[in-house]
Amino acid sequence: MLSSLLALGFERSPDPVAASHAERVDRRTIRVSAARPAMGTLVTITALARSRARAEEAIGRAFEEMDRLIGILSRFESGSALSQLNHAGRLGSPPPELHHVLDRALRYHRTTRGVFDISVWPVLELFGARLGGPAPAPPSEADVADALSRVGADRVSVSRREVRFGGEGMAVTVDGIAKGYIVDRMARVLEGRRVRRYLIDAGGDIRVSGRKEGGRPWSIGVRDPRRAGRLPDRIELTRGAVATSGSYERHFDPERRYHHIVDARAGRSPVESESVTVLAPGAMAADALATTLFIMPPAEALAFVETQPACACLIIDRGGHMHRSRGWRSAAPVHSEEVELQ
């Protein structure tokens, strides 16, 4: 069960041909949209440019970059750098992309005082083993303690020459940061090909630039974790990124007491929040912060996000109440053109 759920996180697109659509929105602007299944979701790019050929070429290159990075960061491709690291416990001369993601992850670990922890994989593996079999049962305290003995990002050593684990049986997951990193790199590809008006949506990890047709900002809706199709809030952006973490996304039990987000300090999934949406300058930061804030109690999360420059959040707790940080700017009312966060 765990593999079927989490392997979706970084699988390559099975079909290199994207579903695409192009239309002229005014005399000087073509809107081109394309979608590809990857990373457990449907990744879409919408770009506005004067030339259809330029937009389509840039979008194609962005998808190529996505596939290249998945091949480095996937835990489920035996030849990937991350899989080699997890198998051997060390990796010499890591690819610069993996080094960058791991280095940033360890910075977040220090900044959050251990809340964000990429070494939590043994606990997730335990949840899958105990709750995904023919006779599902919660893991015992002894099982959790044993898994936690192999957790601790402070025992992961990262340099350009080598990545090494400081304990037997350790493994890392970059699911809480890598998708945002990939979205940022896709944005860099678009901008490097002179496409500066775009929206990238990788299943709720979103990055935008410029304005869409009619000079309007991009409108991004926040999904209600309990009611499909309902958008209780939205924001408008001309530059920046948004990411959402939620217990409704991937869970091991119907009550959602065990899901894909785990507090590595306690060996359990947090239950006070149902979704956390973060606004940040880049998708990598938004991705890591969404995971971090979900683990924290709402009051602590609101206080922490205020310490992060140019960041804001919206938290929907287990009671359905919404908590907004001071920097969050709602753009109600909600209308039908929103991009729904997953």
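Residues numbered from 1 in each chain as written. Predicted model: local features only at pLDDT ≥ 70, side-chain atom pairs only at ≥ 80, totals over all residues. Heavy atoms only, no water.

Draft legend 1. Summary view of the overall build of the protein. Looking only at helices and strands, one finds nine helices and 15 strands in the protein. Counting over 342 residues, the protein shows a buried share of 56%. In the protein, the proportion of contacts linking residues at least 24 apart, taken out of those at least 6 apart, comes to 63%. Carbon and sulfur atoms make up 48% of the accessible area of the protein, which amounts to about 14,900 Å² in all. (Helix = DSSP H or I, 4+ residues; strand = E, 2+ residues; numbered from the N terminus. Buried < 20%, exposed > 50% of the residue type's maximum accessible area, 1.4 Å probe, protein only. Contact = heavy atoms within 4.5 Å. Areas by Shrake-Rupley, 256 points an atom, 1.4 Å probe, with all protein chains shown as cover.)

Draft legend 2. Structural context of the packing of aromatic side chains. What the rule picks out here adds up to one aromatic pair. Relative to F116, the ring of Y108 lies with its centre 6.0 Å away and its plane at 65°, an arrangement referred to as edge-to-face. Given a relative accessible area of 10%, Y108 falls into the buried group. Looking at R75, its charged tip hangs above the ring of W121, at a distance of 4.2 Å from the centre. (Phe/Tyr/Trp six-rings, centres within 6.5 Å; stacked < 30°, edge-to-face > 60°. Lys NZ or Arg CZ within 6 Å of the ring centre and 35° of its normal.)

Draft legend 3. Main features of the sheet that holds strand β6 (residues 162–165). Here we have three strands laid out as an open sheet, ordered β4-β6-β5, and antiparallel in their pairing. Among the strands making up the open sheet, the edge pair consists of β4 (90–92) and β5 (156–158). With direction set aside, neighbouring strand axes in the sheet form an average angle of 5°. Summarising the sheet, β5 and β6 pair through three bridges and their orientation is antiparallel. Across the sheet, residue V158 finds its bridge partner in β6, namely V163. Packed on one face of the sheet, helix α3 (residues 81–88) meets β4 and β6 and runs near 130° to β4. Relative to the sheet, helix α4 (residues 96–111) contacts β4, β5 and β6, its axis offset from that of β5 by approximately 130°. (Pairing = 2+ DSSP bridges. Axes fitted to C-alpha atoms, helices over the stretch in contact; angles between N-to-C directions.)

Draft legend 4. Just α4, in detail. With 16 residues, α4 should reach 22 Å at 1.5 Å per residue; the first-to-last C-alpha distance of 22 Å fits that figure. Immediately beyond the C-terminal end of α4, within one or two residues, lies R113, with a positive phi of roughly 55°. (Expected span 1.5 Å × (residues − 1).)

Draft legend 5. Quick look at the side chain of Q308. If you trace the backbone, Q308 turns up in the loop between α9 (298–305) and β13 (312–317). According to the relative accessible area criterion, Q308 is buried, its value standing at 16%. At 2.9 Å, the side chain of Q308 and the side chain of T307 are in polar contact. Discounting chain neighbours no more than four positions away, the residues touching Q308 are T111 and L289. (Polar contact = N/O pair within 3.5 Å; in protein donor to acceptor, adjacent residues only side chain to side chain.)

Draft legend 6. Region of interest: the pattern of salt bridges. Enumeration over the complete set of coordinates arrives at 24 salt bridges. Note that R31 is salt-bridged to E213, the shortest N-O span being 2.6 Å. Here R31 is found in strand β2 (residues 29–38), whereas its partner E213 is found in the loop between β8 (205–209) and β9 (218–222), with 182 residues between them in sequence. Owing to a relative accessible area of 19%, R31 belongs among the buried residues under this scheme. Among the salt bridges present, the one from R130 reaches D143, with a minimum N-O distance of 3.0 Å. Residue R130 is located in helix α5 (residues 121–131), and its partner D143 is located in helix α6 (residues 141–148); the two are separated by 13 residues in the primary sequence. What makes R130 partly exposed here is its relative accessible area of 34%. Look at D143 and you get partly exposed, because its relative accessible area is 24%. (Salt bridge = Lys/Arg side-chain N within 4 Å of Asp/Glu carboxyl O.)

Draft legend 7. Looking closely at the side chain of D317. With respect to the helices, strands and loops of the structure, D317 is situated in strand β13. Buried and unpaired, D317 has R226 as its nearest opposite-charge partner, separated by 6.3 Å. In this structure the side chain of D317 is engaged in a polar contact, spanning 2.9 Å, whose partner is the backbone nitrogen of H321. Once you skip the residues sitting within four places of it in the chain, D317 turns out to touch E272, S273, E274 and H323. (Lys, Arg positive; Asp, Glu negative; His and termini not counted.)

Draft legend 8. Structural detail: the environment of I200. Tracing the backbone shows I200 in strand β7 (residues 197–202). Here I200 falls in the buried class, since its relative accessible area comes to 0%. Each C-alpha atom of the pair I200 and A283 lies 10.0 Å from the other, and the pair is 83 residues apart in sequence. In this structure, I200 is in contact with T44, I45, V183, M186, A187, L190, D205, I206 and R207, ignoring residues within four places of it in sequence.

Draft legend 9. Summary view of the packing of α4 against helix α8 (residues 283–295). Interhelical geometry of α4 versus α8 gives an angle of 45° and a closest axis separation of 11 Å. Taken together, α4 and α8 sit at an angle that is classed as oblique. For the pair α4 and α8, the crossing hand works out as right-handed. Contacts between α4 and α8 involve H100, V101, R104 and Y108 on the former and, on the latter, M284, A285 and A288. (Parallel < 35°, antiparallel > 145°, perpendicular 65-115°, else oblique. Left-handed = near helix turned anticlockwise from the far one by under 90°.)

Draft legend 10. Representation of the confidence of the model for the protein within the structure. A residue-level look at the protein finds 87% of positions with pLDDT of 70 or above and a mean pLDDT of 88. Overall, residues 1–9 carries pLDDT values under 50, and its contacts beyond four positions in sequence, including any with other chains, amount to 27 contacts. (pLDDT = per-residue confidence, 0-100.)

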